[in-house]
Amino acid sequence: MTHSDTCGRGPASLRADFPILARSVYGHPLVYLDNGATTQKPRCVVDAMTDEYLNVNANVHRGVHYLSQQATDLMEQARERVRRFVRAAKVEEVVFTRGTTESINLVASSYTQAFLREGDEVVLTQMEHHSNIVPWQLMRDRYGIRLRVCPVTDDGRLDLDALAGLLGERTRLVCVTAVSNVLGTVNPVARIARMAHACGAHILVDAAQAAPHLPIDVQAMDCDFLALSGHKVYGPTGIGVLYGREELLEQMPPYMGGGEMIGTVSFEHTTFNRLPYKFEAGTPDYVAATGLARAMDYVEAAGMEAIMEHEHDLTLYALQRLRQVEGMRIFGYGSLPAAPTAAWPETGGAGSVVSFLVGGIHHLDMGTLLDRLGIAVRTGHHCAEPLMRRLGVEGTVRASFALYNTRSEVDTLAAGIERVARMF
Ligand code: PMP
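Overview of the structure. Everything numeric in this text was worked out from a predicted model, so none of it was measured.

Near the ligand you find Thr100, Thr101, His129, Ser131, Thr177, Asn181, Asp206, Ala208, Gln209, Ser229, His231 and Lys232, and these make up its full shell. Here threonine 101 contributes a side-chain N or O atom positioned 2.6 Å from an oxygen atom of the ligand. For the ligand, an oxygen atom lies 2.7 Å from a polar atom in the side chain of serine 229. Starting from 400 Å² of accessible surface for the ligand in isolation, the protein chains cover 84%. Here the ligand occupies the largest pocket. Partitioned by chemical class, the residues of the shell around the ligand number one nonpolar, nine polar and two charged.

Oppositely charged side chains may form a pair once their charged atoms are brought near each other. All told, the structure shown has 25 salt bridges when counted by the stated rule. Among the salt bridges present, the one from aspartate 120 reaches arginine 172, with a minimum N-O distance of 3.4 Å. Taken as a pair, aspartate 120 in the loop between helix H4 (100–115) and strand E5 (121–125) and arginine 172 in strand E7 (residues 171–177) lie far apart in primary sequence, 52 residues in all. Exposure remark for arginine 172: the relative accessible area of 25% places this residue in the partly exposed category. Here arginine 389 makes a salt bridge to glutamate 385, at a shortest N to O gap of 3.3 Å. On the criterion of helical spacing, the pair formed by arginine 389 and glutamate 385 is a turn pair, its members being four residues apart in helix H13 (residues 385–391). You can call arginine 389 exposed: its relative accessible area is 59%.

Before going further, it helps to examine the nonpolar core. As a rule of thumb, nonpolar side chains are buried together in soluble globular proteins. Core analysis: the largest hydrophobic core is formed by 85 residues, its most contacted members being Phe96, Ile216, Met221, Leu226, Trp344 and Leu403. Ranked by residue count, the leading element in this core is helix H9 (residues 286–302), at eleven residues. Formed by 29 residues, the second largest nonpolar core is a distinct cluster that contains Leu314, Tyr317, Val377 and Phe401.

The strand order E4-E11-E10-E9-E7-E5-E6 describes an open sheet built from seven strands, whose pairing is mixed. This sheet does not close on itself; its edge strands, each paired only once, are strand E4 (94–97) and strand E6 (146–150). With strand direction ignored, the average angle separating the axes of adjacent strands in the sheet is 20°. Of the pairings in the sheet, the one linking strand E9 (residues 202–206) to strand E10 (residues 225–229) comprises three bridges and is parallel in character. Within E10, the residue paired with leucine 204 across the bridge is phenylalanine 225.

Definitions and limits used
Here the residue numbers are simple positions, counted from 1 along each chain's written sequence. Two thresholds apply to this predicted model, a pLDDT of at least 70 for residue-level local features and 80 or more for giving and counting side-chain atom pairs, whereas whole-chain, interface and lining totals are computed over all residues. Side-chain calculation: all heavy atoms of the structure are included, whereas hydrogens and water are not. Residues are counted as near a molecule or strand when any one of their heavy atoms sits within 4 Å of it. Two N or O atoms form a polar contact when they lie within 3.5 Å of each other; inside protein one atom must be a possible hydrogen donor and the other a possible acceptor, and for residues adjacent in sequence the pair counts only when both atoms belong to side chains. Every accessible area reported is derived by Shrake-Rupley at a probe size of 1.4 Å, with residue values counting cover from the shown protein chains alone. In this analysis a 1.4 Å probe is tested at points of a 1 Å grid over the protein atoms alone, and where it fits but cannot get out there is a cavity; an open set with protein on both sides within 12 Å along at least five of seven lines is a pocket; lining residues have an atom within 4 Å of a point. Think of it this way: a molecule belongs to a cavity or pocket when more than half its atoms come within 2 Å of the grid points there. Only Asp, Glu, Lys and Arg are considered charged in this grouping, and only Ala, Val, Leu, Ile, Met, Phe, Trp, Tyr, Cys and Pro are considered nonpolar; every other residue, Gly among them, is considered polar. Between Lys or Arg on one side and Asp or Glu on the other, a salt bridge is scored when a side-chain nitrogen of the former is within 4 Å of a carboxyl oxygen of the latter. Helix and strand assignments follow DSSP, with helices taken as H or I runs no shorter than four residues and strands as E runs no shorter than two, numbered in order from the N terminus. A simple rule labels every residue: compare its accessible area, found with a 1.4 Å probe on the protein chains alone, to the largest value its type can have, and call it buried under 20%, exposed over 50%, or partly exposed in between. For our purposes a nonpolar core is just a set of buried Ala, Val, Leu, Ile, Met, Phe, Trp, Tyr and Cys residues, chained together by side-chain atoms within 4.5 Å. Two strands are counted as paired when DSSP detects at least two bridges linking them. Axis definition: a line fitted to C-alpha atoms, over the contacting stretch in the case of helices. Angles run 0 to 180 degrees between N-to-C directions.

Rendered as structure tokens:
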């Protein structure tokens, strides 16, 4: 698919590119609103991967033979594609991982070993996914670092005044999600980066929920690390990205040892490969890298501006429709969200996710009964138990949107919720 294949098409008309959306579930047309968990794949992504397996496949970086070199070229082209997607200055700063979780674990392990001493502080926030909490707790228990937590306000935003109070001379790193997977809150990460840098700390941005919805520019937001998952941005599972500032990655020890990450090996001494290979031990998922590159082509051809506009419209419409349901309680969105723009790292905002509960109906009952109507939503704590505690609930029902969702699907969701509510 070239740029012209998608250019100028409204996001809703892109549905035909996603065969799974034509499925029915329990006799109802599928309404897929679990995009925060994973997005569906356009045919071009699957085709690119099938083509590589059927016609190119060979292990990368190892062989002198033709296929190996072709597979290596595809993987390095994919790295360049990712570099452009996140607007990194250099391909050396783009490390392939298995996903956001592995990217954050890599930073937690290698950054802590390189830069942190006992008593040094890492600041997290109350709206982090477990994958940006637990790796830091493992480091706390191993190396005696301290964790501080930035609270969330009643309307679901980060309390930046409180954050300012937490930053001090022992702060080394601030770890923050760009977009909350529960509330849809878009955090002003460029402002937070300035606050961190002003006290000599670095910043890690979890962009798992941002990459499918908002333009990413690591240089403009001036972040030191950024993590994302391929499967949430219309790409395959098993591949993710860590962007890291070159001078930091250079000073960090490898995360895993094995093939490909070495210079020379003897039993006495091993030297390490240059960036980014130092952090890519073992055979990488090179076919998934190609799939991710294709997905990024797809997203950019659809147009991030158009995606933002469409998903914002869906979010506003969903808020309007859901607020009409008796007993509806929506989390976050204290006031109607300002449409996120390309300036989101400065302004913040909200969008693409609506978390709710209705009356006393358990989130699991709501999710199960909606499923029977063909509506796929997420229920539970969304891997954000500390945030659930802050909200005073055990779990929520979450509808999360992607470029292919439509207003009519929001209508189906609202009607479904009303139908379920009448059963109780
Ligand atoms: N951070 C956030 C904000 C997420 O929403 C998720 C996925 N739900 C993750 C991290 C973890 O991503 P993955 O499971 O793909 O590693």
